[in-house]
Amino acid sequence: MPPQSPWQHSRSAGVADDVDFEIKGQELQFVEIELDPGESAVAEAGAFVWKDASIGMTTVFGDGSGGQDGGFMGKLLGAGKRLVTGESLFTTVFTHNGSGKARVAFAAPTPGAILPLKLGDYGGTLICQKDAFLAAAKGVSIGIQFQRRVMTGLFGGEGFIMQRLDGDGWVFVQMGGTVVERELKAGEELHVDTGCLAAYTPSVDFDLVSAGGVRSMVFGGEGVFFARLRGPGHVWIQSLPFARLAGRIISTAGGAGQNRGEGSVLGGLGDLIGGNR
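Residues numbered from 1 in each chain as written. Predicted model: local features only at pLDDT ≥ 70, side-chain atom pairs only at ≥ 80, totals over all residues. Heavy atoms only, no water.

Trainee: Got a sec to walk through the overall build of the protein? Specific residues and values, please.
Mentor: In terms of helices and strands, the protein carries five helices and 20 strands. Within the protein, the proportion of its 277 residues that are buried is 42%. Of the contacts made within the protein by residues no fewer than 6 positions apart, 75% connect residues no fewer than 24 positions apart. When the accessible surface of the protein is totalled, it reaches about 13900 Å², and 57% of it is carbon and sulfur. (Helix = DSSP H or I, 4+ residues; strand = E, 2+ residues; numbered from the N terminus. Buried < 20%, exposed > 50% of the residue type's maximum accessible area, 1.4 Å probe, protein only. Contact = heavy atoms within 4.5 Å. Areas by Shrake-Rupley, 256 points an atom, 1.4 Å probe, with all protein chains shown as cover.)

Trainee: Just give me the short version of the nonpolar core, but keep the residues and values in it.
Mentor: Among the nonpolar cores identified, the biggest contains 21 residues, and Val31, Ile33, Phe106 and Phe172 are the most heavily contacted of them. Contributions of two or more residues to this core are made by β2 (20-24), β3 (30-35), β4 (40-44), β8 (102-107), β11 (133-137) and β14 (170-176). (Core = buried A, V, L, I, M, F, W, Y, C linked by side-chain atoms within 4.5 Å.)

Trainee: Kindly report on the pairing of strand β19 (residues 225-230), identifying the contributing residues and their values.
Mentor: Where strand β16 (residues 189-193) meets β19, five bridges bridge the pair, whose relative direction is antiparallel. Following the sheet pairing, His191 is matched in β19 by Arg228. (Pairing = 2+ DSSP bridges.)

Trainee: Give me the packing of aromatic side chains: which residues, what numbers.
Mentor: Applying the stated criterion across every chain yields a total of six aromatic pairs. Considering the side-chain rings of Phe21 and Phe172, the 5.0 Å spacing of their centres and the 80° angle between planes classify their relative orientation as edge-to-face. One end of the pair, Phe21, is in strand β2; the other, Phe172, is in strand β14, and 151 residues separate them in sequence. A residue is classified by how much of its surface remains accessible, and Phe21, at 2% relative accessible area, is buried. With a relative accessible area of 0%, Phe172 lands in the buried category. Taking 5.7 Å as the distance between ring centres and 50° as the angle between the ring planes, the aromatic pair formed by Tyr200 and Phe206 counts as tilted. The buried category is assigned to Tyr200, whose relative accessible area is 2%. An aromatic cluster of at least three residues, connected via ring pairs, comprises Phe21, Trp170 and Phe172. (Phe/Tyr/Trp six-rings, centres within 6.5 Å; stacked < 30°, edge-to-face > 60°.)

Trainee: Can you break down the sheet that holds β16 residue by residue, with the values?
Mentor: Working definition: the strands of a sheet are paired by backbone hydrogen bonds and lie parallel or antiparallel to each other. In spatial order, the strands read β16-β19-β18; together these three strands make up an open sheet with antiparallel pairing. The sheet terminates laterally at β16 and β18 (205-210), the two strands that pair on one side only. Neighbour-to-neighbour, the strand axes of the sheet open up by a mean angle of 35°, direction not taken into account. Note that β18 and β19 share six bridges and pair antiparallel. Bridge pairing in β19 places Asp207 opposite Arg228. (Axes fitted to C-alpha atoms, helices over the stretch in contact; angles between N-to-C directions.)

Trainee: Can you lay out unusual backbone geometry for me, pointing to particular residues and giving the numbers?
Mentor: Of note, the bond from Gly231 into Pro232 is cis; its omega dihedral lies within 30 degrees of zero at 20°. Within the secondary structure, Pro232 is located in the loop between β19 and β20 (233-238).

Trainee: Quick one: what's the story with the sheet that holds strand β13 (residues 161-166), residue by residue and with numbers?
Mentor: Strand order in the open sheet made by the six strands is β12-β13-β10-β17-β20-β15, with antiparallel pairing throughout. In this open sheet, the two edge strands, each paired with only one partner strand, are β12 (141-146) and β15 (179-184). Ignoring strand direction, the axes of neighbouring strands in this sheet form an average angle of 25°. Here strand β10 (residues 125-128) pairs with β13 via four bridges, running antiparallel. Residue pairing across strands places Cys128 opposite Gln163, the latter belonging to β13.

Any functional reading would require information beyond the geometric quantities listed.
Below, the structure written as structure tokens:
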């Protein structure tokens with residue numbers, strides 16, 4: 001039997017938190033999750049596309065991982081974590097209330113890839129960019145991850161406050177552009193643009209390193225620091241972070257255009273030299 005595609009999955013018998021799913025599309029993807037009676041999926045506000053009529057929707061405070069008996073303080077803490085990462089205080093839980101199979105679909109808001117990951121295969125925890133979470137099997141906890149080193153906290157940009165996903169079930173995270181997974185061996189080191197760092201496992205040591213000399217910092221247009229990732233562990237890299245895409249759109253809409261030296265202090269002069277104006 002040929003192996004399953006990484007973009008679809010059929011549940012294993014006897015695994016309670018397993019769900020069937022299929023990811024469709026190329027650059028603008030959406031995921032269809034198939035639920036058995038009584039099964040639930042939780043999704044980010046605004047991600048919903050369509051559902052079968054037997055699937056009910058309930059808006060919950062926080063991430064819904066604590067159930068209805070989690071208590072007010074537990075729900076408040078979960079919602080507060082989401083607020084810190086810039087997300088809505090609420091998520092939506094989709095529960096199959098009928099018989100047979102039923103499907104619900106969620107879409108990524110930006111061009112890129114929806115990556116399906118089973119947290120149990122990665123030690124139960126994934127640290128990812130703060131707007132990466134799209135949907136998950138109910139029971140996955142969505143928290144925050146602060147970088148503890150002083151320099152990383154001060155200059156880390158996108159990498160300072162990240163989402164922390166805990167559990168053992170499937171999660172679906174959205175990443176910009178093309179996604180590459182790297183498995184780092186113990187002591188192996190990788191330098192990544194802070195915006196292009198999409199996710200990593202907790203065993204990876206994350207810090208910042210200087211991008212180079214003063215000339216590179218001022219004229220290179222690549223930022224002052226790189227994310228330094230040291231193994232062992234898994235790292236996911238995205239080729240087009242949303243902040244970079246938004247910056248290009250805003251720049252173009254403002255009539256300033258963009259050349260290959262984006263971020264350079266030359267600004268409009270660089271456009272003149274490059275023939276863009």
